[in-house]
Amino acid sequence: MTRVYFVLGYLGSGKTTFVRDFLSRRGGRNAVLVNDFGAEDVDGVLLTGSAEKVESIFDGSVFCSCRSEHFVEAMLRLSQEKFDTILVETSGLANPFQMRKLFGYINDRAGNVFTFSGAVCVADAANLEKVLYTLNAVKMQIAAADVILLNKTDLVGEETLLRAERAVRTLNTDAPIYRTVGARLPSEEFPVRERVLPAMIEDITVQKAKISFSRRLAEDERRLLCVRLAPFCHRIKGVLECENGYTVYEFSDGAESLYPTDRAGNFLIVLAAGKFSLRKKAEEILKETGVEGTVC
Amino acid sequence: MGKKLIFDILEHKRAERPAWVPFSGIHAGKLTGVTAIEVLKDEEKLYEALMQVNKLYRPDGQPVLFDLQVEAEILGCELQWSEDTPPTVKTHPYDEERLIPCRCKMPTKESGRLPMILRTMERLKKSVGDTTALYGLVCGPFTLASHLRGTEIFMDMFDEPEYVCDLIAYCADFILEEAKLYVEAGMDVIAVVDPLVSQISSDHFEEFLSAPYTKIFAEIKKMGAYSSFFVCGDATRNVESMCKTSPDSISVDENIRIPDIRPITEKYNVVVGGNIPLTTVMLHGSQQDNMKYVVELIESVEDNCHNFIVSPGCDMPYDTPVENTIGAAQAVIEFDKVKELVKNYEGTDYSKFEVVIPDYANLKKPLLEVFTIDSSSCAACTYMMGIANAAKEKYGDKIDVVEYKFTVKENIARVMKMGIKQLPCIFINGELKYSSIIPGLDELSKDIEAKF
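All values derive from a computational prediction rather than experimental measurement. (Residues numbered from 1 in each chain as written. Chains lettered and ligands numbered in written order. Predicted model: local features only at pLDDT ≥ 70, side-chain atom pairs only at ≥ 80, totals over all residues.)

Draft legend 1. Local environment of the overall build of chain A. Scanning chain A from N- to C-terminus turns up 10 helices and 13 strands. Counting every position in chain A, which comprises 296 residues, the buried fraction comes to 47%. Put simply, of all contacts in chain A between residues at least 6 apart along the chain, 76% involve residues at least 24 apart. (Helix = DSSP H or I, 4+ residues; strand = E, 2+ residues; numbered from the N terminus. Buried ≥ 20, exposed ≤ 12 C-beta atoms within 10 Å, placed from the backbone. Contact = placed C-beta atoms within 7 Å.)

In structure tokens, the structure reads:
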């Protein structure tokens, strides 16, 4: 039987680093199938030499997730070669649930020579919040994973890591989460389960609220408000009135950044993940801090 | 039927049957033996391939060119071409800086591949435009914006949403200019194809796409054309938001179950189209699998002669076997007969039929056996039988010609006994000579004369 792993994760999260490291510590005959949908075969080139066979496939447009004929054909070809392990490095925009379905179909056609050994999701700790906010595919990849590597942890603070872990847990309640720097999987022991897409995936992961202010906030009250909001929010950003006009304001990892803008406004947009009402929470914090604002 | 049927359905009238729109983009090239590159770049080859699609698949509606990179190419993206898939965008001109392209780059009749595309549209309109509704496809504004900006656009949605709105607004204006040219060239339906829509939440759809799409579909209506909104991937959550932008129809792929979204599309009185699976059914399935899938799909949709179009989930794979699409077409066009046929095929013990196979080695004259789904209704079968009849006319008593229709149980047994997988086909003296692709009389004559 050939063990097959799916390597999931958004572009730049460290999937290729994971594949190289994983294979460097593994004996036997190994193959990698890079399903990156992109025109530039960067990952395929980077992986050359890391396995007996590295095959890149392009199934059409980088943004088109419905084409899979080359993936199916490549897996059927590989099924003939009796590898010990095959790593399938998926596209950053892949739907892993659809891939699992296809894998079952492929395995039937190949005479059940494959055994699914798990889905490893590599997530870039620095941008996980952003991509979770914008991309359904990333939410699905987290939800479908049997083990999650929160990678590049050296580039972010503890607060961001905790928020990232919390966001992961809203999508996947049981897969082990490892904090990593070079996408090294500490243990290959993890349970492989049939996973299902959470029914309300976007509703439990993305909430947005706008807090509008009727007057210019003093520096202290602005900071106090954001410090109190931060543990619940992925992002605090907006346009605020300042002494000389308006400023784009962002609060991240305990630090404020401000730069001038011509755009008029006096509001903050806050984004959060979790099973709670962000609007209610923002109203509570406004009340506690005494900052006057309206949440909508 | 044909064009009128599509128009009736897009006008939300109750029709005789669901409409049939095969998305033969690059696959059209396979029918005439040319590559995806040729069919997407060469007017003559594209036109010939589309005429073949029209002839073999009997579409009620058909797209002219299925390539979501046409607009990106005009706006400065480099493409990487492939012989059996659509091209991919290789470079993103705004991946380093958040810029909006100049208005001077709005498309004209001379931009990029548009001259070739517009001429083909005009020719096809003249040839089949009276009977077939023609679809002009444009890349959706979100996917076009991501072609220009690359994957950074997903970070921008978080960091600089105003920029994303501006870029999408530009792309919406761009495709509206392109749509105007397509309508002038005779397109009846403008399909806006935006695969990336499935990647975002319904909140993001409302934030970034509701306004531009509402504008796009209102403008297409003003142009006097129908509109369609194509997505791929699991866009189930966005279907309601999509419907609210008021397209005449939406088209989805296998990731969405049509019965699941039908209550929503009906609530907004939007036609829904889809969704024969591209790889598992169309590419790798058998002809029977395709007929069965389409029969079950049609049966799964309530009130299926209203607001419903059967089509592949997206642009068909290049190598889709011709007979599979013929089978799918037949299932839409002759639903009752094919349903019966599928039932017979699956529910009958054919070993009890005594099929006598001719003694091919000792025939007195060449024997042409034409196996069809049904030459009275399946277009490809009609042509296949037509060419056999033409040979019979030419050679008279010197040859024998016999047709076996798959709609007759005894013939199903014969097809099984002979191991035939694809219909229509012609055997000469027991040897498979033509499968799905119809030969010319000269070619067929040579094969017959070789047996005299």
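Draft legend 2. Quick look at the sheet that holds strand β11 (residues 367-372) of chain B. All names here are of chain B. Strand order in this open sheet of four strands is β12-β11-β13-β14, and the pairing throughout is mixed. The open sheet is flanked by β12 (400-405) and β14 (431-435), the only strands paired with a single partner. Each adjacent strand pair in this sheet contributes to an overall mean axis angle of 20 degrees, direction not counted. Here β11 runs beside β12; their pairing, made up of six bridges, is parallel. Within the sheet, the bridge partner assigned to Leu 368 lies in β12 and is Val 401. Taken strand by strand, helix α17 (residues 379-395) contacts β11, β12 and β13 (425-428), and its axis lies near 165 degrees from that of β11. (Pairing = 2+ DSSP bridges. Axes fitted to C-alpha atoms, helices over the stretch in contact; angles between N-to-C directions.)

Draft legend 3. Looking closely at the domain arrangement of chain B. All names here are of chain B. In terms of domain boundaries, chain B breaks down into domain 1 (3-342) and domain 2 (360-449). Of the residues lining the interface, 15 residues belong to domain 1; the matching set on domain 2 comes to 14 residues. Here the side of domain 1 that touches domain 2 takes six residues from helix α15 (residues 322-333), the largest share from any one element. Broken down by class, the residue content of the side of domain 1 that touches domain 2 amounts to six nonpolar, four polar and five charged. (Domains from an automatic or database assignment. Nonpolar A, V, L, I, M, F, W, Y, C, P; charged D, E, K, R; others polar.)

Draft legend 4. Representation of the pairing of strand β1 (residues 2-8) of chain A. Residue and element names in this part refer to chain A. Along β1, six of the seven residues are buried, which leaves the element largely enclosed by surrounding structure. With seven bridges connecting them, β1 and strand β5 (residues 114-124) associate as parallel partners. Bridging from a neighbouring strand, Phe 6 pairs with Ala 119 of β5. As paired strands, β1 and strand β4 (residues 85-89) are joined by five bridges and run parallel to one another. When the bridges of β4 are listed, Tyr 5 appears paired with Leu 87.

Draft legend 5. Focus on the sheet that holds strand β3 (residues 53-56) of chain A. Residues and elements named next belong to chain A. Strand order across the open sheet formed by seven strands is β3-β2-β4-β1-β5-β6-β7, with parallel pairing between neighbours. Edge positions in the open sheet fall to β3 and β7 (177-179), since each of these has one partner strand only. For this sheet the average axis-to-axis angle between neighbouring strands, irrespective of direction, equals 20 degrees. The pairing of strand β6 (residues 147-151) with β7 spans three bridges and is classified as parallel. Within β7, the residue paired with Leu 149 across the bridge is Tyr 178. In this fold helix α6 (residues 136-144) packs onto β1, β5 and β6, with an angle of close to 125 degrees to the strand it touches most, β5.

Draft legend 6. Representation of the nonpolar core in the model. Judged by nonpolar contacts, the single largest core of 228 residues is most densely connected at A:Val120, A:Val270 and B:Ile175. In this structure, B:Ile175 is in contact with B:Glu71, B:Val138, B:Cys139, B:Pro141, B:Leu144, B:Val192 and B:Ile216, ignoring residues within four places of it in sequence. (Core = buried A, V, L, I, M, F, W, Y, C linked by C-beta atoms within 7 Å.)

Draft legend 7. View of the pairing of β4(A). Residues and elements named next belong to chain A. With four of five residues buried, β4 is to be regarded as a mostly interior element. Direction of pairing for strand β2 (residues 30-34) relative to β4: parallel, over a ladder of five bridges. By the bridge assignment, Ala 31 is partnered in β4 with Ile 86.

Draft legend 8. Quick look at α17(B). Residue and element names in this part refer to chain B. Spanning 17 residues, α17 covers 24 Å between terminal C-alpha atoms, matching the ideal 24 Å at 1.5 Å per step. Along α17, the positions that sit buried rather than exposed are Ala 380, Cys 381, Met 384, Met 385, Ile 387, Ala 388 and Ala 391. Angularly, the buried residues of α17 cover 155 degrees about the axis, an arc narrow enough to put them on a single face. Residues of α17 that are buried make contact with α4 (43-57), α15, β11, β12, β13 and α19 (441-449). One or two positions beyond α17, positive phi appears at Gly 396, with a value near 55 degrees. (Expected span 1.5 Å × (residues − 1). Arc of directions from axis to C-beta.)

Draft legend 9. Main features of helix α6 (residues 114-128) of chain B. Residues and elements named next belong to chain B. In a regular helix each residue adds 1.5 Å, so 15 residues correspond to 21 Å; α6 covers 20 Å between its end C-alpha atoms and thus fits that length. Burial in α6 covers these residues: Leu 114, Ile 117, Leu 118, Thr 120, Met 121, Arg 123, Leu 124 and Val 128. Where α6 is buried, its residues meet α4, β5 (133-139) and α9 (161-184).

Draft legend 10. Summary view of the confidence of the model for chain B. On average, residues of chain B carry a pLDDT of 93, and 100% of them reach 70 or more. Confidence estimates for the predicted assembly give a pTM of 0.81 and an ipTM of 0.71. (pLDDT = per-residue confidence, 0-100.)

Draft legend 11. Representation of the environment of A:Arg223. Residues and elements named next belong to chain A. With respect to the helices and strands, Arg 223 occurs in helix α9 (residues 219-229). Here Arg 223 falls in the partly exposed class, since 14 other C-beta atoms lie within 10 Å of it. C-alpha of Arg 223 to C-alpha of Phe 251: the two residues are 28 residues apart in sequence and 8.6 Å apart in space.

Draft legend 12. Focus on the packing of helix α3 (residues 69-79) of chain A against helix α4 (residues 96-109) of chain A. Residue and element names in this part refer to chain A. Contact geometry for α3 and α4: axes closest at 10 Å, N-to-C directions at 40 degrees. By the angle between their axes, α3 is oblique relative to α4. The crossing of α3 and α4 is right-handed. Contact residues: Phe 71, Val 72, Met 75 and Leu 76 in α3; Leu 102, Ile 106 and Arg 109 in α4. (Parallel < 35°, antiparallel > 145°, perpendicular 65-115°, else oblique. Left-handed = near helix turned anticlockwise from the far one by under 90°.)

Draft legend 13. Region of the structure containing the environment of A:Arg235. Following the sequence through the fold, A:Arg235 ends up in strand β9 (residues 235-242). On the basis of neighbour counts, which here come to 21 C-beta atoms within 10 Å, the residue A:Arg235 falls in the buried class. The spacing of A:Arg235 and A:Gly118 is 117 residues in sequence and 32 Å in space, taken between C-alpha atoms. Excluding its chain neighbours within four sequence positions, the residues that come into contact with A:Arg235 are A:Glu129, A:Val270, A:Leu271 and B:Phe158.

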